[in-house]
2 protein chains.
Amino acid sequence: MQVSRSIQDTIMARFDGLSPKLRRAAEFVVEHPDEVATRTLRQVAKAANLAPPTLSRLARALDCETYEDLREICRGELKRRNRILADKAEALLQLSTETVPGAKSGVFIAQAGAAIENIQDLIESIDLEKLRSAAKTLATARKVVLFGTSSGLAVAQYFACMGRLAFDNWRVAGADGSLWATSLTDIGPGDAVFLVSIRPYGNLPVRAAQAARDAGAEVIAITDDLASPYVSIASECFIVGTESPQFFPSHIAALALIEGLMGMIVRRGGNKAAERIQQAESSAHSIGEYWVN
Amino acid sequence: MQVSRSIQDTIMARFDGLSPKLRRAAEFVVEHPDEVATRTLRQVAKAANLAPPTLSRLARALDCETYEDLREICRGELKRRNRILADKAEALLQLSTETVPGAKSGVFIAQAGAAIENIQDLIESIDLEKLRSAAKTLATARKVVLFGTSSGLAVAQYFACMGRLAFDNWRVAGADGSLWATSLTDIGPGDAVFLVSIRPYGNLPVRAAQAARDAGAEVIAITDDLASPYVSIASECFIVGTESPQFFPSHIAALALIEGLMGMIVRRGGNKAAERIQQAESSAHSIGEYWVN
DNA sequence: TTCATATTGAAACATGTGTTTCAATTTAAT
DNA sequence: ATTAAATTGAAACACATGTTTCAATATGAA
């Protein structure tokens, strides 16, 4: 079967050279390829609040002979998506069974499907009271130190990225050249420690968490198993699913938990947090840290 | 949302009372609802070897005001087939929302729900061919350099964690004290650069990506918008949804893409990658890096 | 057979289609 | 400030759309 280019690629190839209206049209087409495939030009134009000629011109700007060609690409997109859904259903069925070394693209779909299931499990099993309590701890702590090893560290750093926007007292242990010990020595009651640890559990974080707990700090942990050492160490421990058809455990659910937690924290933080975020953003703009245009 | 009757039901209801030609038309419509939804009456007529008025009359015979109504039913059929999974996810969400009372719980559920939707969109719109191509590039590159800023850096580091298990030529620019420039100077054809950049786009990565591209390296980018600078810079650019009820964009879909990509890469890598992974794991065990019991 | 009725497709029809023209307007360059 | 080029939408355009008409044909009843 001949594989037609996706509209995404078709549009991405020419997007930067498009005029404002044509961009709006292009955006509408990528977001609603089904409408383009099934409705008429004028109907699509009305739905997108655009003049009919704009769509006609868009087709030309995308190297199509005519609008009908663009529509044909959208038709292909619909068919492809149906095919992918079929693949997904199949891949999900084979998820539990052993994966065949025959190796086709089902790998990707199975992975993504597992990700969705892990998040669904998270939603169903999460203890909102515990979550609220953790949000309060992190939002009101005198100091928050985050750590982890390898993949857990990356996830913790992601959390810290967002946290630093809202608070000025979040630190990642081991970042900016400092040693873990340095970040943890002056920790005590009123402080909070946050960590993500997925199997295999690193040795250092376990001992660090233990030390923080002994020093009287709150320890909030995300881990993946009841047998994890953090279950007994942490004052607030969340267990997330890491099911994956691959050799590595999926960190998707952990990230979903973190994003949700962050949302609740900012909610708690109120205006102060919101102001700090806005301030951080505008100062980043003024020193030209961001790419524009 | 009101559910339109399926074409099967619509046609079965009146099939017995149809004349020979109308039956043939009806059969064609049930077998090719997509053609009816996307092509014109005359095109469908030709494809089915029927006179145009036959289809027009079929619509009337099926209690439709006009042929357009019949076409609308077929459109609904297509949408339904595409939306089954999304509906399922939504239903699960609905379920968990009902079982758990509480005002603030909405924040978390909404975030997780958006995460699922973003992954859903990713699965539906992903171009598997492009993915395979990216997997090949990363698996066979002489050297792979990963970078990003703030949240994007964290995600890239996560990717690097996994990549380093399978390959010894993956580096994160800016990690271990080296400057970006150092990591990027000796890059050229045969090398690959990978980056994640979600709005607002950092300035440095844009320039770095441009430089890498100019030097002849493959640039694989994950970003969030058609208007992103990477759309034109990258040789392989993936756009992921970042919808979120919070002030920050969700990186869940980006992570899902990365995990899926990693799966495909390891598949490609074959035994060599698998061996390296096992080796890394056992050596980590022998030096007591992992916590046991 | 004969007649009435139902079915069918070619051609004509009104209407809506995608496209082009063109004047108004914005944008960029000098 | 002036000019040239690009962008945009209203109106006009040629043409294709779905529908209807109508004559040809098939079907069935007497």
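Residues numbered from 1 in each chain as written. Chains lettered and ligands numbered in written order. Predicted model: local features only at pLDDT ≥ 70, side-chain atom pairs only at ≥ 80, totals over all residues. Heavy atoms only, no water.

K.L.:
How do you make sense of the overall build of chain A when you look at a structure like this?
P.N.:
From N to C terminus, chain A includes 13 helices and 5 strands. Look at the contacts in chain A between residues 6 or more apart in sequence, and 67% of them connect residues 24 or more apart. In the structure as shown, chain A presents an accessible area of about 13200 Å², 50% of it carried by carbon and sulfur atoms. (Helix = DSSP H or I, 4+ residues; strand = E, 2+ residues; numbered from the N terminus. Contact = heavy atoms within 4.5 Å. Areas by Shrake-Rupley, 256 points an atom, 1.4 Å probe, with all protein chains shown as cover.)

K.L.:
Help me out: how do you make sense of empty space enclosed by the protein in this one?
P.N.:
A water-sized probe, rolled over the atoms, reveals where empty space remains. Evaluated as defined, the whole model comprises 5 cavities of 30 Å³ or more. In this structure, the largest cavity occupies an estimated 80 Å³ of space. Together, A:Ser6, A:Gln8, B:Leu122, B:Ser125, B:Ile126, B:Asp127, B:Lys130, B:Phe238 and B:Ile239 line the largest cavity. Elements represented by at least two residues in the lining of the largest cavity include exactly α7 (105-125) and β5 (236-239) of chain B. (1 Å grid on protein atoms, 1.4 Å probe; cavity = no way out; pocket = protein on both sides within 12 Å on 5 of 7 lines; lining within 4 Å. Points joined across faces, edges and corners; volume = space filled by probe spheres on them.)

K.L.:
Even after reading the chapter, I still don't get the sheet that holds β5(B), so can you show me in this structure?
P.N.:
Two pairing modes exist for strands in a sheet, parallel and antiparallel, and in both the strands are linked by backbone hydrogen bonds. All names here are of chain B. Taken in spatial order, the 5 strands line up as β2-β1-β3-β4-β5 in an open sheet, and their pairing is parallel. Edge positions in the sheet fall to β2 (170-172) and β5, since each of these pairs with one other strand and no more. Direction aside, neighbouring strands of the sheet carry axes that sit 15° apart on average. Here strand β4 (residues 218-223) pairs with β5 via 4 bridges, running parallel. Each residue of the ladder has a partner; that of Ile222, found in β5, is Phe238. In the packing of helix α9 (residues 150-166) onto the sheet, the strands contacted are β1 (144-148), β2 and β3 (192-197), and the crossing angle to β2 comes to about 155°. (Pairing = 2+ DSSP bridges. Axes fitted to C-alpha atoms, helices over the stretch in contact; angles between N-to-C directions.)

K.L.:
Explain helix α11 (residues 203-214) of chain B here, please?
P.N.:
Since one α-helical turn is 3.6 residues long, residues separated by three or four positions face the same way. Residue and element names in this part refer to chain B. Compared with the 16 Å implied by 1.5 Å per residue over 12 residues, the 17 Å span of α11 between its first and last C-alpha is a close match. For α11, the full list of buried residues reads Asn203, Pro205, Val206, Ala208, Ala209 and Ala212. Those residues of α11 hidden inside the fold are in contact with β1, α10 (180-185), β3, β4 and α12 (230-233). Where α11 terminates, the next one or two residues include Gly216, which has phi positive at roughly 100°. (Expected span 1.5 Å × (residues − 1). Buried < 20%, exposed > 50% of the residue type's maximum accessible area, 1.4 Å probe, protein only.)

K.L.:
What is the right way to look at the nonpolar core in this model?
P.N.:
In summary, soluble globular proteins display a tendency toward joint burial of nonpolar side chains. Counting 107 residues, the largest nonpolar core has A:Phe159 and B:Phe159 as its most contacted members. Sequence-distant contacts of A:Phe159, defined by excluding residues within four places in its chain, comprise A:Leu138, A:Leu146, A:Trp170, A:Phe194, A:Ile258, A:Leu261, A:Met262 and A:Ile265. Within the second largest apolar cluster, 77 residues are counted, among which are A:Leu58, A:Tyr67, B:Leu55 and B:Ala212. (Core = buried A, V, L, I, M, F, W, Y, C linked by side-chain atoms within 4.5 Å.)

K.L.:
Can you help me understand the interface of chain B and chain A in this one?
P.N.:
Often the size quoted for an interface is simply the accessible area lost on bringing the parts together. At the interface, 82 residues of chain B touch 85 residues of chain A. Here chain B packs against chain A, burying approximately 7600 Å² in sum over the two surfaces, 69% of which is carbon and sulfur. The salt bridge partner of B:Lys79 is A:Asp34, with a shortest N-O separation of 4.0 Å. The interface formed by chain B and chain A includes 16 residue pairs in polar contact (both at pLDDT 80 or more). The leading source of residues in the side of chain B that touches chain A is α7(B), at 15 residues. (Buried area = accessible area lost by both parts, 1.4 Å probe. Salt bridge = Lys/Arg side-chain N within 4 Å of Asp/Glu carboxyl O. Polar contact = N/O pair within 3.5 Å; in protein donor to acceptor, adjacent residues only side chain to side chain.)

K.L.:
Please clarify how the sheet that holds strand β5 (residues 236-239) of chain A should be interpreted in this entry.
P.N.:
All names here are of chain A. Taking strand neighbours across the sheet as the criterion, the 5 strands line up as β2-β1-β3-β4-β5 in an open arrangement whose pairing is parallel. Of all strands in the sheet, those bounded by a partner on one side alone are β2 (170-172) and β5. The mean inter-strand angle of the sheet, taken between neighbouring strand axes irrespective of direction, is 15°. Sheet analysis places strand β1 (residues 144-148) next to β2, joined by 3 bridges and oriented parallel. When the sheet's bridge partners are listed, Val144 is paired in β2 with Trp170.

K.L.:
Can you walk me through the protein's contact with DNA strand D in this structure?
P.N.:
As a structural note, the neighbourhood of DNA strand D is formed by 17 residues, with A:Ser19, A:Arg57, B:Leu41, B:Arg42 and B:Thr66 the closest of them. Counting only atoms of DNA strand D within 4 Å of the protein, the fraction found in sugar and phosphate groups is 63%. Between DNA strand D and B:Ser56, the relevant distance is 2.6 Å, taken from a phosphate oxygen to a side-chain nitrogen or oxygen of the residue. A distance of 2.6 Å is found between a phosphate oxygen of DNA strand D and a side-chain nitrogen or oxygen belonging to B:Arg60. With 4 residues, the top contributor of residues to the surface near DNA strand D is helix α5 (residues 52-61) of chain B. Tallied by class, residues from the surface near DNA strand D come to 6 nonpolar, 5 polar and 6 charged. (Near = heavy atom within 4 Å. Nonpolar A, V, L, I, M, F, W, Y, C, P; charged D, E, K, R; others polar.)

K.L.:
Help me out: how do you make sense of the packing of aromatic side chains in this one?
P.N.:
For any pair of aromatic rings, geometry is given as the distance between the ring centres together with the angle between the planes. Following the criterion strictly, the structure yields 8 aromatic pairs over all chains and no others. Ring geometry for B:Phe247 versus B:Phe248: centroids 5.0 Å apart, planes at 85°, classification edge-to-face. Residue placement shows A:Lys130 over the ring face of A:Phe238; its charged tip is 5.2 Å from the ring centre. (Phe/Tyr/Trp six-rings, centres within 6.5 Å; stacked < 30°, edge-to-face > 60°. Lys NZ or Arg CZ within 6 Å of the ring centre and 35° of its normal.)

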